[in-house]
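Chain by chain, the residues run as shown.
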Amino acid sequence: MSYGLTGSNRKIMGGDFMARSSVRDLTVGSPMKLILGFMLPLLFGMLFQQFYNMVDTIVVGQYLGVNALAGVGSTGSVNFLVLGFVIGLCAGFAIPVAQQFGSKDFEALRKYVGNTIWIAVFFAAVLTTATCLLCTNILQWMNTPEDVFSEAHDYIFVIFMGIPVTFLYNILSGIIRSLGDSRTPVIFLIISSLLNVALDIFMIVVLNSGVSGAGYATVISQLVSGILCLIYIAKRFEILHIKKSDMKPEAYYIGRLCAVGLPMGLQYSITAIGSILLQTAVNGLGSTYVAAVTAGSKVSQFMCCPFDAMGSTMATYGGQNVGAGRVDRVKKGLFSCSLLGVGYAVFALGFVALLGGKAAMLFIKADSGNPEEILELAGQFLMINVSFYVPLAFVNIVRFLIQGMGFSQIAVFAGVFEMAARAFVGLCLVPVLGYIAVCFASPAAWVLADIFLIPAFYGCFGKIRRKIKPEIQYGINGEENTENRSS
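How each quantity is defined
Residues numbered from 1 in each chain as written. Predicted model: local features only at pLDDT ≥ 70, side-chain atom pairs only at ≥ 80, totals over all residues. Heavy atoms only, no water. Helix = DSSP H or I, 4+ residues; strand = E, 2+ residues; numbered from the N terminus. Buried < 20%, exposed > 50% of the residue type's maximum accessible area, 1.4 Å probe, protein only. Contact = heavy atoms within 4.5 Å. Areas by Shrake-Rupley, 256 points an atom, 1.4 Å probe, with all protein chains shown as cover. Core = buried A, V, L, I, M, F, W, Y, C linked by side-chain atoms within 4.5 Å. Polar contact = N/O pair within 3.5 Å; in protein donor to acceptor, adjacent residues only side chain to side chain. Phe/Tyr/Trp six-rings, centres within 6.5 Å; stacked < 30°, edge-to-face > 60°. pLDDT = per-residue confidence, 0-100. Salt bridge = Lys/Arg side-chain N within 4 Å of Asp/Glu carboxyl O. Expected span 1.5 Å × (residues − 1). Bend = angle between axes of the 7 residues up to and from the residue. Axes fitted to C-alpha atoms, helices over the stretch in contact; angles between N-to-C directions. Parallel < 35°, antiparallel > 145°, perpendicular 65-115°, else oblique. Left-handed = near helix turned anticlockwise from the far one by under 90°. Nonpolar A, V, L, I, M, F, W, Y, C, P; charged D, E, K, R; others polar. Patch = residues over 30% accessible without salt bridge, like charges linked within 9 Å, V, L, I, M, F, W, Y side chains within 5 Å.

Participant: Would you mind going over the overall build of the protein with me for this structure?
Facilitator: Scanning the protein from terminus to terminus reveals 21 helices and zero strands. Across the 487 residues that make up the protein, the buried fraction comes to 60%. Across the protein, the fraction of contacts at a sequence separation of at least 24, relative to all contacts at a separation of at least 6, is 86%. Counting every atom, the protein has about 18,800 Å² of accessible surface; 68% of that belongs to carbon and sulfur.

Participant: Before we go on, may I ask you to explain the nonpolar core in this structure?
Facilitator: Generally speaking, a soluble globular protein has its nonpolar side chains buried in company with each other. Counting residues in each nonpolar core, the largest one holds 57 residues, and the members touching the most others are Leu-109, Phe-160, Ile-163, Phe-167, Leu-179 and Leu-240. Element by element, the count of residues in this core is highest for helix H5 (residues 106–133), at 11 residues. Setting aside residues no more than four positions away along its own chain, Ile-163 makes contact with Val-82, Leu-83, Val-86, Ala-124, Leu-127, Thr-128 and Thr-131. Counting 50 residues, the second largest nonpolar core, distinct from the first, contains Val-330, Leu-382, Trp-446 and Phe-461.

Participant: Teacher, can you tell me more about the environment of Leu-194 here?
Facilitator: Along the polypeptide, Leu-194 turns up in helix H9 (residues 184–206). Overall, the relative accessible area of 53% leaves Leu-194 in the exposed class. Each C-alpha atom of the pair Leu-194 and Phe-48 lies 8.9 Å from the other, and the pair is 146 residues apart in sequence.

Participant: Explain the side chain of Thr-166 here, please?
Facilitator: With respect to the secondary-structure elements, Thr-166 resides in helix H8 (residues 163–178). Look at Thr-166 and you get buried, because its relative accessible area is 5%. At a separation of 3.1 Å, a polar atom in the side chain of Thr-166 contacts the side chain of Gln-222. In contact with Thr-166, other than residues within four places in its own chain, are Leu-83, Val-86 and Gln-222.

Participant: Help me understand the packing of aromatic side chains, please; the structure alone is not making it clear to me.
Facilitator: Taken as a whole and judged by the stated rule, the model has 16 aromatic pairs. An aromatic cluster is built from Phe-307, Tyr-344, Phe-347, Phe-351, Tyr-389 and Trp-446, whose rings are joined through pairwise contacts.

Participant: Whenever I open this one, the confidence of the model for the protein confuses me. Can you help?
Facilitator: Low-pLDDT portions of the prediction should not be read for the details of their coordinates. For the protein, the average pLDDT comes to 80, and 86% of its residues sit at 70 or higher. Across the protein, element-level confidence peaks in helix H16 (residues 389–404) with a mean pLDDT of 92 and bottoms out in helix H1 (residues 7–20) with 38. Within the model, the stretch residues 1–21 combines pLDDT values under 50 with 56 contacts to residues more than four positions away or in other chains. With pLDDT under 50 throughout, residues 471–487 is counted as low confidence; its partners more than four residues away or in other chains account for 37 contacts.

Participant: Is there a simple way to think about the pattern of salt bridges in this case?
Facilitator: Close approach of charged atoms lets side chains of opposite charge pair. Per the stated rule, a full pass over the model turns up three salt bridges. In this structure, Lys-111 and Glu-250 form a salt bridge, with 3.4 Å as the shortest nitrogen-oxygen distance. Placement of the pair is Lys-111 in helix H5 and Glu-250 in the loop between helix H10 (211–236) and helix H11 (251–285), with a sequence separation of 139 residues. Classification of Lys-111 by relative accessible area gives buried; the value is 13%. In this structure Glu-250 comes out as partly exposed when scored by relative accessible area, which is 25%. Between Glu-418 and Arg-422 there is a salt bridge, with its nearest N and O atoms 3.3 Å apart. In this pair, Glu-418 and Arg-422 are both assigned in helix H17 (residues 408–433), four residues apart and thus about one turn of the helix distant. The exposure class assigned to Glu-418 is buried, which follows from its relative accessible area of 4%. The exposure class of Arg-422 is buried, given its relative accessible area of 7%.

Participant: I would appreciate a short explanation of helix H4 (residues 76–103) in the present structure.
Facilitator: Think of an α-helix as turning once every 3.6 residues; residues three or four places apart then point the same way. For H4, spanning 28 residues, the distance from its first C-alpha to its last is 39 Å, which sits close to the expected 40 Å at 1.5 Å a residue. The principal kink in H4, of about 30°, is found at Leu-83. Of all the 28 residues making up H4, 23 are buried; the element is thus mostly covered by neighbouring parts of the structure. Remark: Lys-104 follows H4 within two positions and exhibits a positive phi of approximately 65°.

Participant: How should the packing of H5 against helix H7 (residues 149–161) be read in this particular structure?
Facilitator: Each pair of packed helices can be described by the angle between their axes along with the distance between the axes. Interhelical geometry of H5 versus H7 gives an angle of 165° and a closest axis separation of 9 Å. When the axis of H5 is compared with that of H7, the two are roughly antiparallel. Crossing of H5 against H7: the hand is left-handed. Two secondary-structure elements touch here, H5 through Thr-128, Thr-131 and Cys-132 and H7 through Phe-157, Phe-160 and Met-161. Considered class by class, the residues forming the contact of H5 with H7 number four nonpolar, two polar and no charged.

Participant: Explain the environment of Val-219 here, please?
Facilitator: Of note, Val-219 is situated in helix H10. Assessed through its relative accessible area of 17%, Val-219 is described here as buried. Not counting the four nearest positions on each side in its chain, Val-219 is found in contact with Val-158, Ile-159, Gly-162 and Val-165.

Participant: What is the right way to look at the environment of Thr-313 in this model?
Facilitator: Summarising the element assignment, Thr-313 is placed in helix H13 (residues 305–323). The contact partners of Thr-313, leaving out residues within four places of it in the chain, are Ile-35, Phe-38, Met-39 and Leu-42.

Participant: Before we go on, may I ask you to explain a nonpolar patch on the surface in this structure?
Facilitator: Taken together, the side chains of Tyr-63, Leu-64, Ile-201, Phe-202, Val-205, Val-206 and Leu-207 present a nonpolar region at the surface, about 620 Å² in accessible area. Where the nonpolar patch is concerned, the elements lending two or more residues are helix H2 (31–64) and H9. Of all the elements, H9 adds the most residues to the nonpolar patch, at four residues. Mapped onto the elements, Val-206 comes out in helix H9.

Participant: I would appreciate a short explanation of unusual backbone geometry in the present structure.
Facilitator: Apart from glycine, the bulk of residues carry a negative phi angle, and the bulk of peptide bonds sit in the trans form. The residue Asn-208 is not glycine, and still its phi comes out positive at about 55°. Relative to the elements of secondary structure, Asn-208 occurs in the loop between H9 and H10. Under the relative-accessibility criterion, Asn-208 is labelled exposed at 60%.

See below:
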């Protein structure tokens, strides 16, 4: 790993490129301003991503009924298991790119990108084949209710077929963000979100394609955003123009990418194992409870977008600053982002306290058999979860910062703690306490993860600080140290 250049070298190697592009160097300037500037476009992108995911659920719930809603909802945890692994893997692949960008080693950066392509093709082929072949078995293992089994299968099979598309978009958008450009992927997501809305209505209402139509709409929309990212990279980022030599598989780069990417992917999947065990317990309570958790979870996922944006921001912020040897800025960034996270958590709690579970009405058909009960259960689920958003803020901020610093293997243990908490609730508490235990499953997971993550960060920070020479940390003759103190 490269640990930084002096200020003069940064100007010589990166000045022209920075002037001619929309990338952002997160190693110089006020951490709060940089984090906000990077995070806000990313947040809008995530809100739109959640928006078109919510549209699937709204259209399904309103036009196809509660059984279809429960069918789609019952696949949520296995969806997270597989696609979460893909998203985590791609996010991990972007970290070495961010670090090389921070150190301005563009040749190594291109080699990382070239080797990422080979790894992505391999994992996309394996995962798509395995999940499509085992789709029915997976739903049976999860104790999916019989009255929603068909809908669940039709939806998740299409999503599994679209795994290569998920790789395409997440790798390309991750690379763009690793260079400090968080705005452009948002534009592409807005386009794909609007397309998804139109396709949802066309597939389900006009073509009467059922829940599989919602799946096709999502996959097609994500494909469009992935292609737009590819075109943008080809036209705007000269340093990403891959030569034949950059595409040559090399053990060092593949090893480094896997060392960072696999733990991040496994972290999502390990967390999802607990979610699957919990979802299995919820499925056993019946389709009414499945629908309530689905509706409440969709609202919560939308409200959690700021935390997701903070996490992705801190991964890039940590990667660039560690790559540049600016370890003194890491704690400053953590403090600034933590203020944002706690502030939003307080706002979200007040918002839900006033709104209650009314937002879940978007997903429930008015003439369903028991809409009032579903709404009441969804509101209870949402209120309990939002009450623990402060621990969730630290889970995202600290975990992704640790990953950006290059310690993905350590951060993965946070997923183990989350898995353990949800598994314990699903296997031991739900059979005894019922639905109320389901409501406290995620909060328990967040608190337990924080108990591990916060001490782990300080351990990782100490290791990085000991590795980087003082003249790189603070600049030769104190030049960068002065700049850091002023920022």
